[in-house]
Each structure stands twice: as C-alpha cells, then as structure tokens.
Amino acid sequence: ADRYLVTATVRVDGSSKFSKVNRYSTFPSVATAWRFSEEPWLKNDVLSMGKLRAGWGRVGNSAVSAYQIYSTYGTAKYADHTPGNEAFTVVGLAPTNISNPGLKWETTEQWNIGLDLGLWNGRLSFTADLYDKFTYDLLQSKNISTSSGFSSMWLNSGSIRNRGLELALDATPISNGDFEWNISGQISWNKNTLVDMGASGGTGEIYVNPDSPQESKYFYGDKVGSSNYLNNPANIFIEGQPLGLIWGYKFNRIVPEGEEGIPISQGGAARLPGQREYMDLNENGYIDEYDKTIIGNANPDFMYGFSTSFTWKDLTISASFDGAYGNEILNANRPQEEDVAYNSNTM
C-alpha cells in the first residue's frame, strides 16, 4: 500500500579516456523509505504526509582531458644551420605530455537520511536531510618539476569529505478564495575536509593556529588576483583541514608613538610608529615565512534562503533572498585600489 519503498540500481559506465583495464567502473545505489503517515494507527486530520528516507550510492566522474593515457606529440621548430637550409629552421616532433595509463574513474560515495512531513493537507511542510559525501581517487592535474620537461600531469590523487545538514520549511498561512500567501525558507550547514592529500604537498611544522606549530602535510595554492600586489600564495591546503583556508601574517597592532615594531625581515629596520606590526609567532625577533598562519576561512558557517509570494486571481508577486554567513574572503582589488602612492583616483 505504498508504505514501504525500496529502489536499487546498478550502472556500469565506460569512457575511452581510460585504458582498457580501467575503462569501465560499476556504480550501485539503493534507497529505502517508510511512509509512516499511511499506517492505520497514525492516520489523522493533522498529519497529511510523513516519510522517513535513507539512501546510499556511488557515482563516477571522468572529467579528465582526452588522451592523457597516451604520450602525445606536437610540432616544434628548431634552429638548423645546415648548409643549403635557407630557412635556418627545421620542424620536428616533440612530446607534449607525460602519459599515465593508470588513470581511472574518480568516485563519489554518499549516504543520506531524510525526513519529510506535511501537515494540514500540505499547508505546512518540513524537510530535513543529513548527508555524508566522500570523494576519492580525485582526478587532478598536478604540477611537477619542470626539470622533467613538463609542468604538469594528470593522476588520481587524494580524497575529500563533505558532511552536512539541510532544513527546509514551506507554509501557506493564507489561502482564501482568490488570495493566497506562500512562504518558504531553507538553511544548510556543510563541513568539508581534505582527508588525504595523496601525492601532493610536503610535510613540516606550520602554525595551523597561532598558539603552537604542528607537524602537517600541506601545499600552497596560487597567487590571488592578477596584479603584483599579492604575489605570495594566499591560500593553503592542509591534510585534515577544510578547503578554502586563507594563509598569511596575523596582524598584531599599529606601532604606537615612542615605540619600535618587529622588523619584517632578518636584519631589516624596525617598524616605525604608525606602521603595521605582525605577530612573530616563532619568536625569532623578525617576521619571516614561518610566521604565517591561518587568518581566514572562506567556508560559510551556514547558508540560507527565504522566499515569499502573494497570488490574487491571475496576478502573482514574489520575492526571494539568499545569503551566506561566517565566511571570510580576501578582496584582491583593495591593495591596488587603495594604494595612494600609485592611484590618483583614491579619495
């Protein structure tokens, strides 16, 4: 009687981007549900719909550039001053990538538990979802030493996890003849973690928090922005920590009148009154690369949304709002725009 539901699927995906050994991969899934509102002992005028859900499954990703399992070649010009060669150049073939025949499918495994409630014939409904998503064998283009003759190569490396909770509420406070008012709201929390860095990064002591250094596996991201004002990497990837961390020097104070601040380099001049001073975390008497720490997290504490609509006969007016709270971001434009020495438009 539609009270107990089970759905199961198995799909086999194949891609010519991978070798014959890794070309195909199997991705199963199963989902179950219990519509407890259909149980005779729970039927009433208030509960119009109630369902408990649970599911588990795997999906694959083959988003890798084509022909990475082969050594490909391209044309290149070389100097050639052989007598009789008036062009002084010769066209030859040169390898354009490092092959990786071991590439395979990136896999995401997820489970979720959900609850759906409908009250008073759908005038009020509520949905909750709890999930855990784990992605492994990540397909990534990794930077490699240019002494190899190449700058990057594709490989399966690392894993990340996302866990979270999503809540949604829909209501129709007024439904009277030609007029109806609907409101809805959503809020979600998500926590991501770099579980395994794979082949990337190195190991060393860094200040994950300003209090004390700890042994960590990490690597730096790229520079932020296109100007020369922010040449240093502003983000860092640390095993066991969230993605999207901002890396830099922690502000301490503005040097007051009559005092000197900590130099910003070994043997450098002391900071003068009115200048910024940063924290000397390793307490060596000056600011260096080892004084950097996590100064921000681009991940929001939560995300939310709200919408409402008014309907009268054939006329509908609606509005929607969404946002994120608690995330810290870096504006790469500000250093250049606020530099009064080089920007005459700064007020």
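Up top you'll find the structure we're talking about.
None of the values given here were measured: they were computed from a predicted structure.

Asker: Could you give an account of the overall build of the protein chain, naming the residues involved and the relevant values?
Answerer: Looking only at helices and strands, the protein chain has 1 helix and 20 strands in total. Computed over its C-alpha atoms, the radius of gyration of the protein chain comes to 29 Å, more than 25% above the 20 Å expected for a compact globule of 347 residues. Projecting the C-alpha coordinates of the protein chain onto the three principal axes gives extents of approximately 90 × 70 × 45 Å. For the protein chain, with 347 residues in total, the buried portion stands at 28%. Counted over contacts in the protein chain with a minimum sequence separation of 6, partners at least 24 positions apart contribute 56%. Carbon together with sulfur atoms contributes 53% to the accessible area of the protein chain, which is approximately 21900 Å² in total.

Asker: Which residues make up the packing of aromatic side chains, and what values go with them?
Answerer: Counted according to the given criterion, the structure contains 13 aromatic pairs. Among the aromatic residues, those joined into a cluster by ring pairs are F18, F27 and W105.

Asker: Account for the side chain of E106, naming residues and giving values.
Answerer: Checked against the element boundaries, E106 lands in strand 6 (residues 106-119). No salt bridge is formed by the buried E106, whose closest oppositely charged neighbour, K133, lies at an N-O distance of 9.2 Å. Of note is the side chain of E106, whose polar atom sits 2.8 Å from the backbone nitrogen of L139. E106 has contacts with V59, G60, N61, T135, Y136, D137, L138, L139 and N156, leaving out every residue within four places of it along the chain.

Quick notes on the rules
Residues numbered from 1 in each chain as written. Predicted model: local features only at pLDDT ≥ 70, side-chain atom pairs only at ≥ 80, totals over all residues. Heavy atoms only, no water. Helix = DSSP H or I, 4+ residues; strand = E, 2+ residues; numbered from the N terminus. Rg over C-alpha atoms; globule rule 2.2 N^0.38 Å. Buried < 20%, exposed > 50% of the residue type's maximum accessible area, 1.4 Å probe, protein only. Contact = heavy atoms within 4.5 Å. Areas by Shrake-Rupley, 256 points an atom, 1.4 Å probe, with all protein chains shown as cover. Phe/Tyr/Trp six-rings, centres within 6.5 Å; stacked < 30°, edge-to-face > 60°. Lys, Arg positive; Asp, Glu negative; His and termini not counted. Salt bridge = Lys/Arg side-chain N within 4 Å of Asp/Glu carboxyl O. Polar contact = N/O pair within 3.5 Å; in protein donor to acceptor, adjacent residues only side chain to side chain.

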